[in-house]
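Descriptive structure summary
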2 protein chains.
Amino acid sequence: MNTGVVTFQPEEKKITVPKGTDILSAGIAAGVYINSSCGGEGVCGRCRVIVKNGRVVSEPTGRLTREEIEKGYVLACRATVIEDAEIEIPPASRLEKEQILTEESKAERLFGVFSKAVDIEKGKETKERAIFSHSPLATKIFLKLPSPTLKDNISDLERLYRALREHSKIPILQTGLANVRKMGRLFRESRWEVTVLLGKRNGTTEIVLIEPGDTSHRNFGIALDIGTTTIVAELSDLNTHKILGIKATHNRQSGYGEDVITRMVYASKEDGLEKLHHAVVDAVNELIFALAVENEISLNEITGVSMAGNTTMLHLLLRVDPAYLRREPYVPTANFMPVIRAAEAGIKINPRGLLACLPGVSTYVGGDITVGILASGIDEARKLTMLIDIGTNGEIVLGNKEWLVCCSSSAGPAFEGSGVCSGVRAMEGAIQRVEIDPDNYDVKCSVIGGVKPVGICGSGYVDTLAELFKAKLIERSGKIIEGAKTNRVRTGTEGLEFVLSWAKENKSQEDIVITQTDITNIVRSKGAIYTAAEILASKMNVKMKDINKIYLAGGFGNYLNIEKSIWIGMLPDLPRKKFEFIGNSSLTGARFALLSYDAMAKVQEIARKMTYIELSVDPDFMHAYTASIFLPHTDASRFPTVMKKLSL
Amino acid sequence: MNTGVVTFQPEEKKITVPKGTDILSAGIAAGVYINSSCGGEGVCGRCRVIVKNGRVVSEPTGRLTREEIEKGYVLACRATVIEDAEIEIPPASRLEKEQILTEESKAERLFGVFSKAVDIEKGKETKERAIFSHSPLATKIFLKLPSPTLKDNISDLERLYRALREHSKIPILQTGLANVRKMGRLFRESRWEVTVLLGKRNGTTEIVLIEPGDTSHRNFGIALDIGTTTIVAELSDLNTHKILGIKATHNRQSGYGEDVITRMVYASKEDGLEKLHHAVVDAVNELIFALAVENEISLNEITGVSMAGNTTMLHLLLRVDPAYLRREPYVPTANFMPVIRAAEAGIKINPRGLLACLPGVSTYVGGDITVGILASGIDEARKLTMLIDIGTNGEIVLGNKEWLVCCSSSAGPAFEGSGVCSGVRAMEGAIQRVEIDPDNYDVKCSVIGGVKPVGICGSGYVDTLAELFKAKLIERSGKIIEGAKTNRVRTGTEGLEFVLSWAKENKSQEDIVITQTDITNIVRSKGAIYTAAEILASKMNVKMKDINKIYLAGGFGNYLNIEKSIWIGMLPDLPRKKFEFIGNSSLTGARFALLSYDAMAKVQEIARKMTYIELSVDPDFMHAYTASIFLPHTDASRFPTVMKKLSL
């Protein structure tokens, strides 16, 4: 036998793989989610698993302690199967299927483009905000066609076209042979009462589907936010705009690399592109299927998908080689993708249903940002507005209804809970709020879902860093101060660390800590975001204080503490009312585009209008960045209220 | 063994078929062309074959004489295979692969839309004839794209769109995922020098193909005339308009029925539609392949096909059920078919190449007629003009640049050489001109290709009838007169007949004759055409003499004698200069539409503008028809010059 059966515990998922397969790959194949940041290169040490039974061949690694090795720990990416084996994935190495706990998921509530659009800017400007019409990517229309007579015996197709043109003004109507082939019988068997699905396709309207009878009340769509680490799918009723459900899952591509660069490299390997494509599409299909089942909807009734994602995700979803994204001059194959059938990308909805990928600007500013602008309404703002979207890359947009500029800054995945010791995403069990008593160093954590903590998510790290700073447990350089009267500051395997939650209090069987390395990472991340915003503004001759509104977006779940974000110097020290945390603006924008073709056209306009500024080639950037990796900043005069509040 | 091998002689084509298969079906499967008019119902008796070896089970039939049965003759459609058998197809039962001997086939000559268009109407009106622009269905454009730089790093797709929009004004550009997927590598490997194939698709322009380097000089198209009995394909260079070749073949659907009604009935049988579809597509593919090979062109270099055919042929080519065409109120599924990929209809050219099916008006007036109008230019004529297209149905168009009306009349297949005793199509060996000496009844025949005759084609029948009439060998009723001093008039198995060519003089091993039944058939055919023209004119309150020009079209090859057509009363007795025989106007029109999108738009305009008049429901029709089945007409005063010339 050249194969071995790997059983993953505790779920007892079994998979048969060829001998020589590494455990990480076996896990991906089995649909078991193992942490991994480095793309299986043995570097990050996050894919630690325990061999309970059977032998595996494991390479030597400095990422495991002697005790761990004795307990049976191996790195999943560096251990290969040579016989049947039973593998336990400890909680810390596990990627849970996450549920993004946004308000939207709490209830089935009417939440259209209209209500949201009005919310965007308060006061006078509200009225100027464009209200998008109801014109979904795919619309069902019920038609009672007049039966043909000797006096009115135009062909079936012309009869249909005529009825549609009487119904609404459609300049260019298209349809495929498949519909024509079935039309004759279908019209007659349904006694000329049919439902037509009209799809918006690149300036034309396609008769996508023809169904007998009146099915017009059953028409659903999916808005997708495909992030580097998390995929979110939202099901909505294309007639009523009602959101029926939201589900999120891990982007399984992470098994092949934590960031987009690693994945681009992986894509160039044999079958690499195929694997990355399937990793994302399989996850998308699972989400859609789960949403459909939960809402008692057939996949055939889902007729349109809008997708917002960064440029790499766009390429990988469509199985377009991302090779040229990472080579100078960093050119995507497509920013403006034509609307295609979702099936062409492997997405399982109605086989003739449509997929609209929202347009991006460049290799580093994708459709997730353009729809973020749409969702936040910057493109309609009279006054200067900024959007800061924090993901693995931090993207900054500055502008108003006249102009838009953007830049991208490599923030690293710390705020998404990756590349940091106890990091997790904003999911159940994630520590999202932290308070540290400056007197006795007691720690109060607030955990998503109110359960025992499993790790720290992005907003938790912001709070932790701010609180450590306020409690004077770290220096302005971020260095942990030794000698505080608490056993929470201690020396771990990687140097000094601070314990947020003791093993006995949590579910991870280990203490949840923030290490010196983590702090350095987070300080760099916040510095990269701050600097990008600063340089972008200065390039446009804009003073930060002249910015009217700053929207914050990103995968923080429902919570981000603006005050503490300013304490650590991630955000500039401006009046707090100027800031607004808007959650996942990418998903919101994708929903807008799904529900309204006006919104879709607006995103295209935004993408065309926006100027991308490449910071990596800017000589000022490195200088400003170096100054920013300090708490809150090397130049303390920039943060007067922080200095005062923290009595520095 | 439940199968038997049938060997067809003399070509020795072998095919293995299940026992119980009839020989006609086996022939179609083997690609051997056996005559058949009745759709395999055992009625027409045209599929006589000789069993040379092996046994077949054959049903009793009145269609074979005792001598024939003794010689081994069976009807192919009524004889089934029960063991291996060797079957000879005598020349009279054989459908040769025909070569339409038009002038166009003689030489590679420049023959564009321009030259033809100017020819249409002489004198003053010439200048008014629209000249169509060079804008083929599919155009290749060679582009040298600027290489991307950091300052110009728009995506590959946008770079292509930008270059195309600089090249020409294109409002809506579309492309598919397949092209996007290969674009990145292709652009770079070809150093940004690529050839783009742009296709016209329903009001939009599609990037159909992208090829490395400059292939723009290699772009070819096919114009198809799909007739009920004959399929003609013409290859032309889409850049130069040069016609590279014309080939014609038998429409193999004839094996399933001679006329469109029989085929519609056959289509409703199990697999009937599939079989009819494959019969026509296989023939089309063979023609295209042969043209490509002869001209050293790869099928991939053929990027567009335009197709003119009657409405039934359109449906069968596209595998669209024609069921509703034959039921009141006679509704086609589609008259205006969107442009699709040729591959969707099974046509083998470049897999992404396009197929434009030219629009028709109704079930009985198809794209063959609308393009005939285009080719003849009636739609641009200032004065009243008529087009008479003679096929299995005779179609008549009347109008000018202000209005167009048309009707259809069931002429029967006599003029296509079907349903008549010695009939063949206008192919090598067909008697196309006939003269009978009124004194000694000597017959002079002119045969297509200058070879020994095999039968009589449509123009031969017109001549024969006219000459018999002139020689007073038939009465004005069409009845053959007994007692003439010639052995050419004799009594055959079906009554009186006239021998045109003795067996010893020809290749068919039988005397070539015109029987009393044939004459009756032809008189009915000519009557149907005359009556249709007459009624159509009278419905429009037009006197035939007020018509400025009458174009004649149809599958007569290069020759139709206008004078003799008037003698027999097929055409009205008007000044001869008013008539012009324009050959296969359907093919010419299809070529126009292939080479110029203006022409394509014009055909659509023609189809929309044209009013179809249903003659079968007209109370005047039957009365007028009855009066017309006389030579030249019951009302001799309508044909004064004929009465004078023939001294009647």
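Residues numbered from 1 in each chain as written. Chains lettered and ligands numbered in written order. Predicted model: local features only at pLDDT ≥ 70, side-chain atom pairs only at ≥ 80, totals over all residues. Heavy atoms only, no water.

1. Brief notes about the overall build of chain A
A tally of regular secondary structure across chain A gives 16 helices and 30 strands. A compact globule built from 648 residues would reach a C-alpha radius of gyration of about 26 Å, and chain A, at 26 Å, matches this within 12%. By principal-axis analysis of the C-alpha atoms, chain A measures approximately 100 × 70 × 45 Å. In chain A, which comprises 648 residues, the proportion classed as buried is 63%. For chain A, the proportion of contacts with a sequence separation of at least 24, taken over those separated by at least 6, is 67%. Of the roughly 24600 Å² of accessible surface on chain A, 50% is carried by carbon and sulfur atoms. (Helix = DSSP H or I, 4+ residues; strand = E, 2+ residues; numbered from the N terminus. Rg over C-alpha atoms; globule rule 2.2 N^0.38 Å. Buried < 20%, exposed > 50% of the residue type's maximum accessible area, 1.4 Å probe, protein only. Contact = heavy atoms within 4.5 Å. Areas by Shrake-Rupley, 256 points an atom, 1.4 Å probe, with all protein chains shown as cover.)

2. Here's the deal with the environment of L355 of chain A
Residue and element names in this part refer to chain A. Along the chain, L355 falls in strand β18 (residues 354–357). Residue L355 is classed as buried on the basis of its relative accessible area, which comes to 0%. Spatially, the C-alpha atoms of L355 and A345 are 8.3 Å apart, while their sequence positions differ by ten residues. In contact with L355, other than residues within four places in its own chain, are V305, M307, L317, L318, P338, V339, I340, R341, A342, A345 and I347.

3. Notes on the sheet that holds strand β26 (residues 495–501) of chain B
Note on sheets: strands pair through backbone hydrogen bonds, and any given pair is parallel or antiparallel. Residues and elements named next belong to chain B. One open sheet holds the three strands; their spatial order is β25-β26-β27, and the pairing between them is antiparallel. The outermost strands of the open sheet, each flanked by one partner alone, are β25 (489–492) and β27 (512–515). Looking at each pair of strands side by side, their axes are set apart by 45 degrees on average, direction ignored. Bridge analysis of β25 against β26 gives four bridges, and the strand direction is antiparallel. (Pairing = 2+ DSSP bridges. Axes fitted to C-alpha atoms, helices over the stretch in contact; angles between N-to-C directions.)

4. Remarks on the interface of chain A and chain B
Contact with chain A, which involves 41 residues of that partner, is made by 41 residues of chain B. Where chain A abuts chain B, roughly 3700 Å² becomes buried across the two surfaces, and 60% of that area is made up of carbon and sulfur atoms. Along the contact surface separating chain A from chain B lie 18 residue pairs in polar contact (both at pLDDT 80 or more). Of all the secondary-structure elements, those providing two or more residues to the side of chain A that touches chain B are α4 (156–167), β10 (173–175) and α5 (177–189) of chain A. Per-element accounting of the side of chain A that touches chain B gives the leading share, seven residues, to α5 of chain A. Split into classes, the residues belonging to the side of chain A that touches chain B amount to 21 nonpolar, eleven polar and nine charged. (Buried area = accessible area lost by both parts, 1.4 Å probe. Polar contact = N/O pair within 3.5 Å; in protein donor to acceptor, adjacent residues only side chain to side chain. Nonpolar A, V, L, I, M, F, W, Y, C, P; charged D, E, K, R; others polar.)

5. Digging into the packing of aromatic side chains
Residue and element names in this part refer to chain A. For the coordinates displayed, the defined rule picks out twelve aromatic pairs over all chains. Consider the rings of F187 and W192, whose centres lie 5.5 Å apart with planes at 50 degrees: the pair is tilted. Each member of the pair F187 and W192 is classed as buried. The ring centre of W192 lies 5.8 Å from the NZ or CZ of R159, which sits over that ring. (Phe/Tyr/Trp six-rings, centres within 6.5 Å; stacked < 30°, edge-to-face > 60°. Lys NZ or Arg CZ within 6 Å of the ring centre and 35° of its normal.)

6. Side note on the pairing of strand β22 (residues 430–436) of chain B
Residues and elements named next belong to chain B. Summarising burial for β22: five of the seven residues are buried, a large majority. Here two bridges tie β22 to strand β24 (residues 455–456), and the two strands are oriented parallel to one another. The residue of β24 that forms the bridge with A430 is G455. Pairing geometry for β22 and strand β23 (residues 443–447), over five bridges, is antiparallel. Across the sheet, I436 pairs through a bridge with V443, a residue of β23. Between β22 and β23, which follow one another and run antiparallel, lie six residues, and Y441 among them has a positive phi close to 60 degrees.

7. With respect to the sheet that holds strand β12 (residues 204–212) of chain B
Residue and element names in this part refer to chain B. Taken in spatial order, the four strands line up as β9-β11-β12-β10 in an open sheet, and their pairing is mixed. Each edge of the sheet is formed by a strand with only one pairing partner; in this case those strands are β9 (138–144) and β10 (173–175). Each adjacent strand pair in this sheet contributes to an overall mean axis angle of 35 degrees, direction not counted. Where β10 and β12 come together, three bridges link them in parallel fashion. Looking at the pairing, Q174 lines up with E206 of β12.

8. Focus: the relation of the copies chain A and chain B
For the pair of chain copies, the relating operation is a rotation around an axis with a shift along it. Mapping chain A onto chain B calls for a screw motion: a turn of 180 degrees about the axis and a shift of 0.1 Å along it, with 0.1 Å RMSD after fitting. Classification of the inter-copy transformation places it as that of a two-fold axis. Closest approach to the rotation axis among the C-alpha atoms of chain A is made by T204 of chain A, whose C-alpha sits 4.1 Å away. By residue overlap, the copies meet face to face through one surface: 100% of the interface positions of chain A are interface positions in chain B. (Least-squares fit on C-alpha atoms with pLDDT ≥ 70 in both.)

9. Let's talk about the side chain of N219 of chain A
Residue and element names in this part refer to chain A. Along the chain, N219 turns up in the loop between β12 (204–212) and β13 (220–226). Note on N219: relative accessible area 0%, which makes it buried. Side-chain polar atoms of N219 contact the side chain of T303, separated by 2.6 Å. Sequence-distant contacts of N219, that is, excluding residues within four places in its chain, are made with A138, T139, K140, L197, S236, D237, L238, N239, E301 and T303.

10. Considerations on the environment of F187 of chain A
All names here are of chain A. With respect to the secondary-structure elements, F187 resides in helix α5. Distance in space between the C-alpha atoms of F187 and P212 is 7.3 Å, their sequence separation being 25 residues. With sequence-adjacent residues up to four places away left out, F187 is seen in contact with L145, D156, L160, W192, V194 and I210.

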